[in-house]
Amino acid sequence: MSKRFNRVPERSPVARRRGRSRRAVAPLTAVSVLVAGAALTGCGQQRDGDVFTVMNSSTDETYHRWDAEAMGRCGKQLGVTIEQQSVPAAQVMTKALRMASSKSLPDIVQFDASEMPTFAEAGGLVDLRTLGLSTRDIPQGIVNFGSYKGTYYGAARSVNTLALFYNKDVLGQAGVKVPTTWDELREAAKKLTGGKRYGLALSAGGAEDGVFQFTPFMWSNGGDETRLDSPQVAGALDYWKTLLADGSLSKSTVSWTQADVNDQFMAGNAAMMINGPWQVETLNTKKSLHWGIAKIPVPRPGAPSVGPLGGAVLTVPNTGDQAREKRAGEIVACLSSRKEQLTYALNSWMVPANAKAAAVWRTRVPELDALADQVAAARSRTAKLGAGWPSVSLALQSAFQSALTGQSSEAALKRAQQRATSGN
């Protein structure tokens, strides 16, 4: 197996375009009023019957081009013109709300999957199954990723999750095996820490990046987002505190984003890191860096490594124009077809949502095979809480800052549970 991919794309757009950390959460009541008005009154403007608009967050030139090419292929296949409207990821929800209020919603909106339930809760999206889309060959976890209260609103083209990245040369020179359990990870991280190099880098910042990175530890330890003050969640946070106390994590981890973590790993300041496939393009620009990837270690041997599903889903807004909604559904079906998924995933380093496409993807990029294994067991952050996830995320962000700077995990998480429940 080669140490890196044969081609090195131009840049690292995914790390920059993912707005997960900085998104404002719109109040559900405000969303409900705006989207309900759009759905009840229909489209507020006359539209060209053969021109359809997709709003997404592909503001980076590379991703914008890839999406434009896919839309061109699907438009030719369906006999329509598909126009792309790209806005920064952090603005997709607010832009969609403004367009709903002016009765000018696009035909298709690509939401971050963690935001989709808020729009769906307000009645702003159409059930994709009623438009003819099938979930056959899509793993149930990914179906749930695009669903809200059992209704399938969002079709994913590709998904991502987190994994353990490691420096092959550093581990080899130290005689350290790739860890598979928490005990092994702790011992490896201590042994690999020295000088300016930390054994492990991860994001524990007060933003969604930190929450995204905490979920594998919380879920694999039996913790649950519906009860943040449980012993299992506290145990996961205590494990992070142990790594920090060992000196295996930098004290700056409480302010690092996932992009910062990758920078530390590439600079040789960390022997291992928790991160995702959106970093691969940047990693591959450093020819001297020989990295590997493995599933995130678990508390006990044999326990499942359960990571978070990340990515975006294609949705059809409820505008009241059923004919256009049906046609938009055909466009979503084409863009999320097995062939298009594979093309998109090979460009972006993500894992195809379709199981058959993912099987082909494994043979094309064997270096990321462990990532596909991690995706197979991954969970959606909103599967249990739906539109209630943002409150839990904010509560956890505050808990990290408190617990990793001195407060007990139990006290920090007790306060987090109170905040998540009250919304304050």
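Reading the values: the criteria
- Residues numbered from 1 in each chain as written.
- Predicted model: local features only at pLDDT ≥ 70, side-chain atom pairs only at ≥ 80, totals over all residues.
- Heavy atoms only, no water.
- Helix = DSSP H or I, 4+ residues; strand = E, 2+ residues; numbered from the N terminus.
- Buried < 20%, exposed > 50% of the residue type's maximum accessible area, 1.4 Å probe, protein only.
- Contact = heavy atoms within 4.5 Å.
- Areas by Shrake-Rupley, 256 points an atom, 1.4 Å probe, with all protein chains shown as cover.
- Polar contact = N/O pair within 3.5 Å; in protein donor to acceptor, adjacent residues only side chain to side chain.
- Disulfide = S-S within 2.5 Å.
- Core = buried A, V, L, I, M, F, W, Y, C linked by side-chain atoms within 4.5 Å.
- Domains from an automatic or database assignment.
- Salt bridge = Lys/Arg side-chain N within 4 Å of Asp/Glu carboxyl O.
- Pairing = 2+ DSSP bridges.
- Axes fitted to C-alpha atoms, helices over the stretch in contact; angles between N-to-C directions.

Looking at an unreviewed UniProt entry, one finds the chain named Sugar ABC transporter substrate-binding protein and attributed to Streptomyces argyrophylli.

A. Looking closely at the overall build of the chain. Summing up its helical and strand segments, the chain has 18 helices and 12 strands in all. The buried share of the chain, reckoned over its 424 residues, is 58%. Expressed as a percentage of contacts within the chain between residues at least 6 apart in sequence, the contacts between residues at least 24 apart total 77%. When the accessible surface of the chain is totalled, it reaches about 16500 Å², and 49% of it is carbon and sulfur.

B. Seen up close, the side chain of threonine 253. Residue placement: threonine 253 occurs in the loop between helix H10 (231-246) and helix H11 (258-266). On the basis of relative accessible area, threonine 253 is assigned to the buried category, the value being 2%. Of the polar contacts made by the side chain of threonine 253, one reaches the backbone oxygen of leucine 202; its length is 2.5 Å. Threonine 253 has contacts with Leu202, Ser203, Ala204, Gly205 and Leu244, leaving out every residue within four places of it along the chain.

C. View of the environment of glutamine 110. Looking at the element boundaries, glutamine 110 is found in strand E3 (residues 108-112). Along the chain, glutamine 110 and serine 57 lie 53 residues apart, while their C-alpha atoms are 7.5 Å from each other. Among the polar contacts listed, one links the side chain of glutamine 110 to the side chain of arginine 157, at a separation of 3.1 Å.

D. The arrangement of the state of the cysteines in detail. Tallied over the entire structure, the rule returns one disulfide. Here cysteine 74 connects covalently by a disulfide to cysteine 334, the sulfurs 2.1 Å from one another. Because the torsion about its S-S bond is -90°, the bridge between cysteine 74 and cysteine 334 counts as left-handed. Taken together, the residues cysteine 74 in helix H3 (residues 61-78) and cysteine 334 in helix H13 (residues 322-335) connect sequence positions 260 residues apart. Classification of cysteine 334 as buried rests on a relative accessible area of 6%.

E. Fine view of the nonpolar core. Core analysis: the largest hydrophobic core is formed by 77 residues, its most contacted members being Phe111, Trp291 and Trp361. No other element matches helix H4 (residues 92-101), which puts six residues into this core. In terms of domain composition, this core takes at least three residues from each of domain 1 (51-160 + 310-380) and domain 2 (163-306 + 385-422). Of all hydrophobic cores here, the second largest spans 51 residues; its members include Val170, Trp278, Val306 and Ala420.

F. The pattern of salt bridges, seen in detail. Overall, the coordinates contain 15 salt bridges when judged by the stated rule. We note a salt bridge from glutamate 340 to arginine 73, for which the minimum N-O separation is 2.8 Å. In this pair, glutamate 340 sits in helix H14 (residues 338-348) while arginine 73 sits in helix H3, placing the two residues 267 residues apart along the sequence. Under the relative-accessibility criterion, glutamate 340 is labelled buried at 8%. For arginine 327, the salt bridge identified is with glutamate 330, shortest N-O distance 2.4 Å. Taken together, the residues span about one helical turn, with arginine 327 and glutamate 330 both in helix H13 at a distance of three residues. The partly exposed category is assigned to glutamate 330, whose relative accessible area is 29%. Because the salt bridges share partners, they merge into one network encompassing Arg362, Asp369 and Asp373.

G. Unusual backbone geometry, seen in detail. Unusually for a residue other than glycine, aspartate 137 sits at a positive phi of about 75°. Within the secondary structure, aspartate 137 sits in the loop between helix H5 (116-121) and helix H6 (140-145). Classification of aspartate 137 by relative accessible area gives partly exposed; the value is 29%. Positioned with a positive phi, lysine 149 is a non-glycine residue whose angle comes to about 50°. Tracing the backbone shows lysine 149 in the loop between strand E4 (147-148) and strand E5 (151-152). The class for lysine 149 is exposed, based on a relative accessible area of 68%.

H. View of the sheet that holds strand E8 (residues 198-201). Pairing within the open sheet is mixed, and its four strands lie in the order E8-E9-E7-E10. Each edge of the open sheet carries a strand with a single partner, namely E8 and strand E10 (291-294). Neighbouring strand axes in the sheet, compared pairwise and without regard to direction, differ in orientation by 20° on average. Here strand E7 (residues 163-167) pairs with strand E9 (residues 270-275) via four bridges, running antiparallel. Paired with alanine 163 across the strands is asparagine 275, a residue of E9. Sheet contacts for H11: E7, E8, E9 and E10; angle to E9, the most-contacted strand, approximately 155°.

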